[in-house]
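So the chains spell out like this:
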Amino acid sequence: ILMKDKACILVPGTLGLGLVLYLYHRYFRENRKNAHGDVIEERNSPNGTFKGRRDSELRIASLKPEAIRIFKSIAPPLDFKSHKGQGGRIAIVGGSKDYTGAPYYAGMAALKTGAELLYMFASAEASPALKVYSPELMVTPFYGTSLCSGTNEWVSRTASIITERMKRFHAIVIGPGMGRNKHLVPVIRNVLHEAARAKIPTVLDADGVWAVCQDPEMLNQAGMVVLTPNKVEFEKLYTSVMQVERKLDGDLKADVESLCRKLNNAVIIRKGRSDFISNGIISLECVEMGAPKRSGGIGDVLAGVTATCVAWAQMKSSLSPKQDFKESQKNIVYAAHCACSIVRKAWEITFSDCGRGSCVPDLLDKLRSVINSIEAAAC
């Protein structure tokens, strides 16, 4: 007798026993589930038996080929020849007394994408919480909210806590959970200029985009910069920089490109139903499905993934003596598109598995699965 959802199969005799054992083995072999309720598949590989999540693998396989190609072209090899940190050292500037989750999500997303070391600079109030979130995060308090003065001496001293470590970083993320503190705007300007001198790409997200709205000229001397505004942030950024309100029925592609050119050809990821990426010269659109639920923290994850991808792109560009700034910017655009594809695919799978209760910790788990599947995919 084999029970399945209140139904039973009755087969008499020795032949029946053999059939029952076969069906029992076949049913439980093909329908075993893990703790997440996902069907587990077992198959042979040259390295032994591989147990994978069959449904998730099929969905990951639908990732656009260009994203897989870009990732494989920029990701550093895992060949036992590198030293600690050579696979990516990312800095996160963010975190305030009210917001500690955002920088944590950005940092963990960078690590789960493949970065190896994560530096974090936060307010004195946020630092204790961030230190206990994960031992992976190397947290340094660089200002205290009650001690912000905005004087030139204070700005220089505060910025130096970050800039004196600049040579360690492959990319910097500015903004997640940073808060809208007007005294930090000139600090960000100093960090951006030092990053430009060191040829380190910088991702400006959330409150980092807000800081640019307060002082658009800070990007005049900036280098490789990626901004990640959502719809509302983009409208405010456009108005601040172009000195005119954007028409709601205007051509989004044309408006993004014109804004990029105005911002010294910075790369903009305009997040929305689909993500539009441009540097004013090259424009791409990421049309991975994503999911209808808009949980807080997804943008922070994108900032972390983008930082790792653009860091890798720049690391590879720096190996070519003939690589110029325009070529590096082009590679940054493609790396940003790759990051958008990864996050949207991971969120699609998260929502498919977790439904309405999907949240960013689930997304971080799926992120690693997507990365591993990309690396296992054929070019």
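Here's what I pulled together on the structure shown here. These numbers were taken from a predicted model, which means no experiment stands behind them. (Residues numbered from 1 in each chain as written. Predicted model: local features only at pLDDT ≥ 70, side-chain atom pairs only at ≥ 80, totals over all residues. Heavy atoms only, no water.)

**Examining the overall build of the chain**
Working step 1: The secondary structure content of the chain amounts to 13 helices and 13 strands.
Working step 2: When each of the 379 residues of the chain is scored for burial, the buried share is 52%.
Working step 3: Sequence separation of 24 or more characterises 65% of the internal contacts of the chain that already satisfy a separation of 6 or more.
Working step 4: For the chain, the accessible surface area stands at approximately 18,900 Å², while carbon and sulfur atoms represent 54% of it. (Helix = DSSP H or I, 4+ residues; strand = E, 2+ residues; numbered from the N terminus. Buried < 20%, exposed > 50% of the residue type's maximum accessible area, 1.4 Å probe, protein only. Contact = heavy atoms within 4.5 Å. Areas by Shrake-Rupley, 256 points an atom, 1.4 Å probe, with all protein chains shown as cover.)

**Remarks on the packing of aromatic side chains**
Working step 1: Within the structure shown, the criterion is met by seven aromatic pairs.
Working step 2: Where Tyr 104 meets Tyr 105, the ring centres are 5.8 Å apart and the plane angle is 50°; that geometry is what we call tilted.
Working step 3: Its relative accessible area of 21% is what places Tyr 104 among the partly exposed residues.
Working step 4: By the ring-pair criterion, three or more aromatic residues cluster together here, those being Tyr 104, Tyr 105 and Tyr 133. (Phe/Tyr/Trp six-rings, centres within 6.5 Å; stacked < 30°, edge-to-face > 60°.)

**Focus: the pairing of strand β6 (residues 117-123)**
A regular strand places its side chains on the two faces of the sheet in alternate fashion.
Working step 1: The element β6 is largely enclosed, with a buried count of seven among its seven residues.
Working step 2: Note: strand β5 (residues 89-93) against β6, five bridges, orientation parallel. Its bridge partner lying in β6, Ile 92 is registered against Met 120.
Working step 3: Taken together, β5, helix α4 (residues 101-113) and β6 form a β-α-β motif whose crossover is right-handed.
Working step 4: Both β6 and strand β7 (residues 137-143) contribute to a ladder of six bridges, which runs parallel. Looking at β7, one finds that Ala 122 is bridged to Pro 141.
Working step 5: Viewed along the sheet, the connection from β6 through helix α5 (residues 127-133) into β7 turns out right-handed. (Pairing = 2+ DSSP bridges. Right-handed = clockwise from strand over helix to strand, strands pointing away.)

**Some details on helix α6 (residues 152-163)**
Working step 1: Taking 1.5 Å of rise per residue, the 12 residues of α6 would be expected to cover 16 Å, and the 16 Å separating its terminal C-alpha atoms lies within 8% of that figure.
Working step 2: Buried residues along α6 sit in contact with β5, β6, β7 and α7 (185-197). (Expected span 1.5 Å × (residues − 1).)

**A word on the sheet that holds β6**
Working step 1: A sheet is described by the order of its strands in space; here nine strands give the open sequence β7-β6-β5-β8-β9-β10-β11-β12-β13, paired in mixed fashion. The open sheet has two edge strands, β7 and β13 (283-286), and neither has a second partner. Here the strands of the sheet are splayed against their neighbours by 20° on average, with no regard to which way each runs. (Axes fitted to C-alpha atoms, helices over the stretch in contact; angles between N-to-C directions.)

**Some words on the packing of α6 against α7**
Working step 1: Across the interface, α6 lies against α7 with an axial gap of 9 Å and an inter-helix angle of 45°. By the angle class used here, α6 and α7 are oblique. For the pair α6 and α7, the sense of crossing is right-handed. Residues Trp 154, Val 155, Ser 156, Thr 158, Ala 159, Ile 162 and Thr 163 of α6 form the contact with α7, whose own contacting residues are Pro 186, Val 187, Asn 190, Val 191 and Glu 194. (Parallel < 35°, antiparallel > 145°, perpendicular 65-115°, else oblique. Left-handed = near helix turned anticlockwise from the far one by under 90°.)

**Here we look at the state of the cysteines**
Working step 1: Going through the model one piece at a time under the given rule, you end up with zero disulfides.
Working step 2: Cys 338 takes part in no disulfide bond, and the closest cysteine sulfur to it belongs to Cys 309, at a distance of 4.5 Å.
Working step 3: In this structure Cys 338 comes out as buried when scored by relative accessible area, which is 0%. (Disulfide = S-S within 2.5 Å.)

**Digging into unusual backbone geometry**
Excluding glycine, residues mostly carry a negative phi; peptide bonds, for their part, are mostly trans.
Working step 1: Phi at Ala 206 is positive, roughly 55°, even though this residue is not glycine.
Working step 2: Mapped onto the elements of the fold, Ala 206 is located in the loop between β9 (202-204) and α8 (207-214).

**A look at the environment of Asp 353**
Working step 1: Structurally, Asp 353 is set in helix α12 (residues 325-354).
Working step 2: Taking the relative accessible area as the measure of exposure, Asp 353 reaches 24% and is therefore partly exposed.
Working step 3: Sequence-wise, Asp 353 and Lys 366 are 13 residues apart; in three dimensions their C-alpha atoms are separated by 9.9 Å.
Working step 4: A distance of 2.7 Å separates polar atoms of two side chains, one belonging to Asp 353 and the other to Lys 366. (Polar contact = N/O pair within 3.5 Å; in protein donor to acceptor, adjacent residues only side chain to side chain.)

**Here we look at the pattern of salt bridges**
Working step 1: Inspection of the entire model under this criterion finds 14 salt bridges.
Working step 2: Residues Asp 275 and Arg 344 are paired through a salt bridge, measuring 3.2 Å at the closest nitrogen-oxygen approach. You can see Asp 275 sitting in strand β12 (residues 275-278) and its partner Arg 344 sitting in helix α12, a full 69 residues away along the chain.
Working step 3: Arg 344 sits in the buried class, given a relative accessible area of 10%.
Working step 4: The residue Lys 345 makes a salt bridge to Glu 288 at a minimum N-O spacing of 3.7 Å. Residue Lys 345 is located in helix α12, and its partner Glu 288 is located in the loop between β13 and α11 (298-317); the two are separated by 57 residues in the primary sequence. In this structure, Lys 345 and Glu 288 share a single accessibility class: buried.
Working step 5: By sharing partners, the salt bridges in this structure join Lys 64, Glu 288, Lys 345 and Glu 348 into a single network. (Salt bridge = Lys/Arg side-chain N within 4 Å of Asp/Glu carboxyl O.)

All quantities given are derived from atomic positions and should not be read as evidence of function.
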